[in-house]
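Overview (structure and organization)
In case you want the letters, here they are:
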Amino acid sequence: MADNNNIVQDLPQALQDLLNRVALSQGFKPSGYSIQLESGSTVGDGFVGRMIRANIKESGTDRSLKAMCKVMQSNQEARDRYNSPLLFSKECDYYASLLPTMCRFQEEKQVPVEARFSAFPECYLSVYDEQSKEYMIALEDLRQRRFEMWDKLVPMSYENVKLVMEQLGRFHAVSLALKDQRPEVFEQFKAHRDELTRITGIKEFLDSMVKKSIDTLGTHEQDARERMQKLYENFWERINACLDPKAAEPYTVLCHGDIWANNMMFRYEEKSPQEVVFLDLQAIRNTSPVNDVVHFLFCATDDDFRQLHYKEMLQTYYNSLSNLLRLLGGDPERQFPQSAFQQQLKKFGIIGLLIAAFALPPTCTDYAKASNESMDDNSFLEFSTQERDEARYRKRMSGAIRDAIRFGYL
């Protein structure tokens, strides 16, 4: 049974009961274990839920199981503001149904294990029950396999970016194969609404962020300023146009939707990244694959990296997608030819800049050193104005604008 002496202070009884279910499902005997808990979240980590670390220890033995448990924010104002119940229920469904479906599909197609999309953690329990007030996603604690997060304040390295692009290509390949060969399955998962654009205050926040981004440019960059001003005048329409699945057909996939540094972890061997795992699935949406690609490249890297490696990373992504799609019995030339990829980049590439305007402020904020500012666990739409963070933001944001122009997106 659970040892309540170490329970996080405001953890409801329903969640303690869910942790007991995790223990029993993993073979622990009733009354033969204890559960120790500690907070797994820090300021700025997330807005839909908070993380709790659970250590389940078997009595009288050395056996233990460590899990990362995601629970909904207890703050009702935060739940309402971010549509947390709807987003949390989506994520529960994806862990319980989508990822196992993708796994079984690749097994049925006899794809070699090393060639599969498997960049996700093991899920012990995924529950969303309005009636019983039970909400939890219990995942393996990846730290036990020596996974670690990238420091979001630092532009990502070549090796890490390449690994992400390879796995992102595989993720989209499985989606394309399911869409073609199991359309009823794909339809089931694409039916979820996109709730992120319905977050209270998101339009107003984006308005201020796109406007703020213009000031990161030098006074001499008049052409770039004018282009950004035109974008600012209809940014909301451009965002929704980029996310519109009808505009991207027949090439839509289930995109991750929030593919940035804090939503992935890496495993290293001798300082070289060997494996990446994607986290936080609540933003998955049916849209152009380009949305994930440019989102990641504009938010996780800087202009120095993109100047050297942008085209290479696009090709890495496409090659990875094509290779797995063929192994799944698909045809890249029919389902997503390279010419269509290039066309979609021109059509939807601007979303990378628009997301950067939204994502780079919190990405460039060192929340650990911003503790004296008015920030708390519900401050997703706030960021630091400290000089050190502002300098980081100005460099990353202005570089994103210049690259959007250079790539023909703006």
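Residues numbered from 1 in each chain as written. Predicted model: local features only at pLDDT ≥ 70, side-chain atom pairs only at ≥ 80, totals over all residues. Heavy atoms only, no water.

Re the overall build of the chain
- Of regular secondary structure, the chain possesses 15 helices and 10 strands.
- Counting across all 410 residues of the chain, residues that qualify as buried make up 58%.
- Considering only contacts within the chain whose residues lie at least 6 apart along the sequence, 74% involve residues at least 24 apart.
- As displayed, the chain has an accessible area near 18000 Å², and 47% of this comes from carbon and sulfur atoms. (Helix = DSSP H or I, 4+ residues; strand = E, 2+ residues; numbered from the N terminus. Buried < 20%, exposed > 50% of the residue type's maximum accessible area, 1.4 Å probe, protein only. Contact = heavy atoms within 4.5 Å. Areas by Shrake-Rupley, 256 points an atom, 1.4 Å probe, with all protein chains shown as cover.)

Thoughts on the packing of helix α6 (residues 202–214) against helix α7 (residues 222–233)
- Axis separation between α6 and α7 bottoms out at 9 Å; the angle between their running directions is 170°. In terms of orientation, α6 lies roughly antiparallel with respect to α7. Contact residues: D207, V210, K211, S213 and I214 in α6; R225, M228, Q229 and Y232 in α7.
- The class makeup of the residues in the contact of α6 with α7 is 4 nonpolar, 2 polar and 3 charged. (Axes fitted to C-alpha atoms, helices over the stretch in contact; angles between N-to-C directions. Parallel < 35°, antiparallel > 145°, perpendicular 65-115°, else oblique. Nonpolar A, V, L, I, M, F, W, Y, C, P; charged D, E, K, R; others polar.)

Looking at the nonpolar core
- Among the nonpolar cores identified, the biggest contains 105 residues, and F117, M156, F296 and L353 are the most heavily contacted of them.
- Beyond its immediate chain neighbours, meaning those up to four positions away, F117 contacts L99, M102, Q106, Q167, R170, F171, V174, F278 and L324.
- Listed in part, the 21 residues of the second largest apolar core include V22, L37, I56 and C69. (Core = buried A, V, L, I, M, F, W, Y, C linked by side-chain atoms within 4.5 Å.)

What about the confidence of the model for the chain?
- Taken over all residues, the pLDDT of the chain has a mean of 89, while the share at 70 or more is 86%.
- Note on residues 1–9: pLDDT is under 50 here. Beyond four places in sequence and across chains, it has 20 contacts.
- The model gives residues 372–378 a pLDDT under 50, and that stretch makes 23 contacts with residues more than four places away or in other chains. (pLDDT = per-residue confidence, 0-100.)

Some points on the pattern of salt bridges
- On inspection of all chains with the given rule, the structure shows 23 salt bridges.
- A salt bridge links D141 to R143; its shortest N-O distance comes to 3.0 Å.
- R143 sits in the partly exposed class, given a relative accessible area of 41%.
- Among the ionic pairs, E221 bridges to R402, the shortest N-O distance being 2.7 Å. Here R402 lies in helix α15 (residues 387–406) and E221 lies in the loop between α6 and α7, a separation of 181 residues in the sequence.
- Judged by relative accessible area, E221 falls into the buried class, the value being 14%.
- Relative accessible area serves as the criterion here: at 34%, R402 is assigned to the partly exposed category.
- Through salt bridges with shared partners, one network takes in E140, R145, R267, E269 and E275. (Salt bridge = Lys/Arg side-chain N within 4 Å of Asp/Glu carboxyl O.)

Some words on the sheet that holds strand β2 (residues 49–58)
- Strands sit in the order β1-β2-β3-β5-β4 across an open sheet of 5 strands; the sheet is antiparallel. Every other strand in the sheet has two partners, leaving β1 (33–39) and β4 (123–129) as the edge strands with one partner each. Strand-to-strand twist across the sheet, computed as the mean angle between neighbouring axes with direction ignored, equals 25°.
- As defined by bridge partners, β1 adjoins β2 across 7 bridges and the pair is classed as antiparallel. The partner of S39 across the bridge, within β2, is I52.
- Here helix α1 (residues 13–25) sits on the sheet in contact with β1, β2, β3 (64–72), β4 and β5 (134–140), set at roughly 40° to β5. (Pairing = 2+ DSSP bridges.)

Some remarks on the pairing of β2
- For β2, a buried count of 7 out of 10 residues is recorded, marking the element as mostly surrounded by other parts of the structure.
- In terms of strand pairing, β2 meets β3 through 9 bridges, oriented antiparallel. Note on β3: the bridge partner recorded for R53 is M68.
- The hairpin turn running from β2 into β3, its antiparallel successor, is 5 residues long, and G60 in that turn takes a positive phi close to 80°.

A look at the sheet that holds strand β9 (residues 272–278)
- One open sheet holds the 3 strands; their spatial order is β6-β8-β9, and the pairing between them is antiparallel. Of all the strands in the sheet, the pair left with one neighbour each is β6 (147–148) and β9.
- Taken strand by strand, helix α4 (residues 158–181) contacts β8 (264–269) and β9, and its axis lies near 40° from that of β9.

Remarks on helix α11 (residues 303–327)
- The end-to-end C-alpha separation of α11 is 35 Å, in line with the 36 Å expected for 25 residues at 1.5 Å each.
- Residue H309 marks the point of greatest curvature in α11, where the axis turns by about 65°.
- G329 occupies a position one or two residues after α11 and carries a positive phi of about 90°. (Expected span 1.5 Å × (residues − 1). Bend = angle between axes of the 7 residues up to and from the residue.)

Comments concerning the environment of Y318
- In this fold, Y318 is placed in helix α11.
- Of the residues examined, Y318 reaches a relative accessible area of 4% and is grouped as buried.
- The residues touching Y318, leaving out its near neighbours within four places in the chain, are P332, E333, F336, P337, Q338 and F341.

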